[in-house]
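Read off the chains here:
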Amino acid sequence: MVDTDRITGAAREIGGKAQAALGDLAGDRRAQVEGRFREAQGQAESLAGQARDGLRDAADTAIDYAEDAYERGRHAAQRGTRTVTHAVEETPLLALLVAGAVGYGLALLVHGRR
């Protein structure tokens with residue numbers, strides 16, 4: 001998407017160039033200065049539009065990257081859940097012993113040895 005400042009800036013720059021050229025031909029110092037001023041305004045406006053476009057593109061890229069990372073993480077979590085569920089269904093006693101050992105270890109970390 002092109003920022004409107006780029007379009008209006010380019011138009012103002014062209015208008016300023018034309019006004020400055022006419023001022024040069026006519027020897028009108030005021031028209032020359034105003035034309036060069038309008039040309040500089042147009043360039044600045046165009047650059048501001050380009051900067052906005054660049055920021056918008058960078059934001060879109062970041063959003064796409066974040067969405068892709070979220071989807072990959074979601075799929076990895078689903079695979080992990082299926083793997084753990086399968087392991088628990090196949091060996092429930094071992095899963096119970098592992099859960100108990102983990103709980104005991106966490107209790108030692110939280111409360112410490114006395």
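One can find the structure itself at the top, above this paragraph.
Remember, predicted model here, so these are calculated numbers, not experimental data.

Q: Explain the environment of G54 here, please?
A: For G54, the position within the fold is in helix α2 (residues 29-90). Assessed through its relative accessible area of 36%, G54 is described here as partly exposed. Once the C-alpha coordinates of G54 and G100 are considered, the two residues, 46 residues apart in sequence, prove to be 55 Å apart.

Q: Explanation requested: helix α1 (residues 4-26) in the structure shown.
A: Helical periodicity: at 3.6 residues per turn, an α-helix aligns residues three or four positions apart in one direction. Under the 1.5 Å per step criterion, the end-to-end length of α1 is 33 Å for 23 residues, consistent within 8% with the ideal 33 Å. For α1, the elements touching its buried residues are α2. Within two residues after α1, G27 carries a phi angle of roughly 75°, on the positive side.

Q: Can you help me understand the packing of α1 against α2 in this one?
A: How two helices sit against one another is set out by the angle between their axes and by the gap between those axes. Between α1 and α2, whose axes approach to 7 Å, the crossing angle comes to 165°. When the axis of α1 is compared with that of α2, the two are roughly antiparallel. Regarding α1 and α2, the two cross each other, and that crossing is left-handed. For the contact of α1 with α2, the class distribution of residues is three nonpolar, 14 polar and 13 charged.

Q: What exactly am I supposed to notice about helix α3 (residues 92-111) here?
A: In a regular helix each residue adds 1.5 Å, so 20 residues correspond to 28 Å; α3 covers 28 Å between its end C-alpha atoms and thus fits that length. A small share of α3 lies buried, amounting to zero of its 20 residues.

Thresholds applied
Residues numbered from 1 in each chain as written. Predicted model: local features only at pLDDT ≥ 70, side-chain atom pairs only at ≥ 80, totals over all residues. Heavy atoms only, no water. Helix = DSSP H or I, 4+ residues; strand = E, 2+ residues; numbered from the N terminus. Buried < 20%, exposed > 50% of the residue type's maximum accessible area, 1.4 Å probe, protein only. Expected span 1.5 Å × (residues − 1). Contact = heavy atoms within 4.5 Å. Axes fitted to C-alpha atoms, helices over the stretch in contact; angles between N-to-C directions. Parallel < 35°, antiparallel > 145°, perpendicular 65-115°, else oblique. Left-handed = near helix turned anticlockwise from the far one by under 90°. Nonpolar A, V, L, I, M, F, W, Y, C, P; charged D, E, K, R; others polar.

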